[in-house]
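Structural overview
Below are the chains, spelled out letter by letter.
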Amino acid sequence: RDVTGVQTCALPISVVRQPRDGAFGPFRSRRDAVAAMESIQDAVPVRRCSQRIPARAPRGTPCALLELGRCAAPCAGRQSTAEYAPAVVSVQALVAGRSDTPLRTLAAEVDRLGEAQRFEAAATRRDRLAALLAALRRAQRLAALTELSELVAAHPDGRGGWELAVLRHGRLAAAGVARRGVPPMPVVAALRAGAETIRPGPGPLRGAPAEEVGVLLRWLERPGTRLVHCATPWAEPACGAGRWVGWLQRAAPGYLDGHSPRPTASRRRR
């Protein structure tokens, strides 16, 4: 769902395969999406319902979350647009990697529950936070790659030559091989000259399919791959999920590969 309008903003759960501008995703499964959204809702006071709120004189009926202090009931007119706007901005900044304040709030809650020996609650919050971090990390890494107008990389072919690829906005624009004994740079120049022209589209992935960008990113991360040319610096957000990799390694290493661990038998029974 788009997080663009103040009065209509909510975070209903959906699996996003091709995120639009302002949307949160992509997710690999509905379970991961649910865990990530619940984690955000634990840290940021965005409303959980999806009902439309009229711009004037909202007259909705507040739910139990108002009594629990988890929502200020903008549906009933008890919270103005200006009062609700910071929550929307906070979510947008989190997704874009401009701020990790909600993540710090969630991590502190996990620590507090653990210190209080509420271990099951702490484990639940930890898993939610880990799912959120995994989704943010994947989305931000894919978005960083699609921002590059052109990137050329080379990987050893195992026979003394090089596999070459030209990427433009997260899409494979050209590929070739410089075999053993062939100077690679003239091959690179020819590939760049004949590469497909990619016009970036809308959204955080610039119109590129998330699956294709993910495959290319995994190819680039293989040991031995070298960056031959990059039109602009390749960088991820300074306050993005990448800075939380250490936390994931310590607290929930199973989420680092982007696949959340399967629930245990005891959790399935509950």
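Preceding this section is the structure that the text describes.
Residues numbered from 1 in each chain as written. Predicted model: local features only at pLDDT ≥ 70, side-chain atom pairs only at ≥ 80, totals over all residues. Heavy atoms only, no water.

1. Section: the packing of helix 1 (residues 30-43) against helix 5 (residues 119-146)
- The interhelical angle for the contact between helix 1 and helix 5, taken along N-to-C directions, is 105°, at an axis separation of 8 Å. Taken together, the axis directions place helix 1 and helix 5 in an arrangement best described as roughly perpendicular. The residues of helix 5 that touch helix 1, namely those facing D32, A35, A36, E38, S39, I40 and D42, are R125, R128, L129, A131 and L132.
- For the contact of helix 1 with helix 5, the residue count by class is 6 nonpolar, 1 polar and 5 charged. (Axes fitted to C-alpha atoms, helices over the stretch in contact; angles between N-to-C directions. Helix = DSSP H or I, 4+ residues; strand = E, 2+ residues; numbered from the N terminus. Parallel < 35°, antiparallel > 145°, perpendicular 65-115°, else oblique. Contact = heavy atoms within 4.5 Å. Nonpolar A, V, L, I, M, F, W, Y, C, P; charged D, E, K, R; others polar.)

2. Considerations on the environment of G77
- In this structure, G77 sits in the loop between helix 2 (64-67) and helix 3 (81-96).
- A relative accessible area of 44% places G77 in the partly exposed class.
- Taking the C-alpha atoms as reference points, G77 and A57, 20 residues apart in sequence, are found 6.7 Å from one another. (Buried < 20%, exposed > 50% of the residue type's maximum accessible area, 1.4 Å probe, protein only.)

3. Concerning the nonpolar core
- Counting residues in hydrophobic clusters, the biggest one holds 30 residues, and the most contacted among them are L103, L129, L132, L133, W247, L248 and Y255.
- Here this core gets 8 residues from one element, more than from any other, and that element is helix 5.
- Core analysis: the second largest hydrophobic core is formed by 16 residues, L142, A143, A208 and A210 among them. (Core = buried A, V, L, I, M, F, W, Y, C linked by side-chain atoms within 4.5 Å.)

4. Some remarks on helix 3
- Compared with an ideal rise of 1.5 Å per residue, which puts 16 residues at 22 Å, helix 3 spans 22 Å between its outermost C-alpha atoms and is within 8% of the ideal.
- Inspection of helix 3 places Y84, A87, V88, V91, A93 and L94 among the buried residues, and these make up the whole buried set.
- Those residues of helix 3 that are buried lie in contact with helix 1, helix 4 (101-115) and helix 5. (Expected span 1.5 Å × (residues − 1).)

5. With respect to the side chain of H155
- Among the structural elements, H155 can be located in strand 1 (residues 151-156).
- Sequence-distant contacts of H155, that is, excluding residues within four places in its chain, are made with G161, W162, E163, W219, R222, P223, G224 and T225.

6. Brief notes about the packing of helix 4 against helix 5
- The contact between helix 4 and helix 5 brings their axes to 8 Å, and the two run at 160°. If you check the angle between helix 4 and helix 5, you find them roughly antiparallel. Where helix 4 crosses over helix 5, the handedness of that crossing is left-handed. The segment helix 4 lies against helix 5, with L103, L106, A107, E109, V110, L113 and G114 engaging F119, A121, A122, R125, R126, L129, L132, L133 and L136.
- Residue composition of the contact of helix 4 with helix 5, by class: 12 nonpolar, 1 polar and 3 charged. (Left-handed = near helix turned anticlockwise from the far one by under 90°.)

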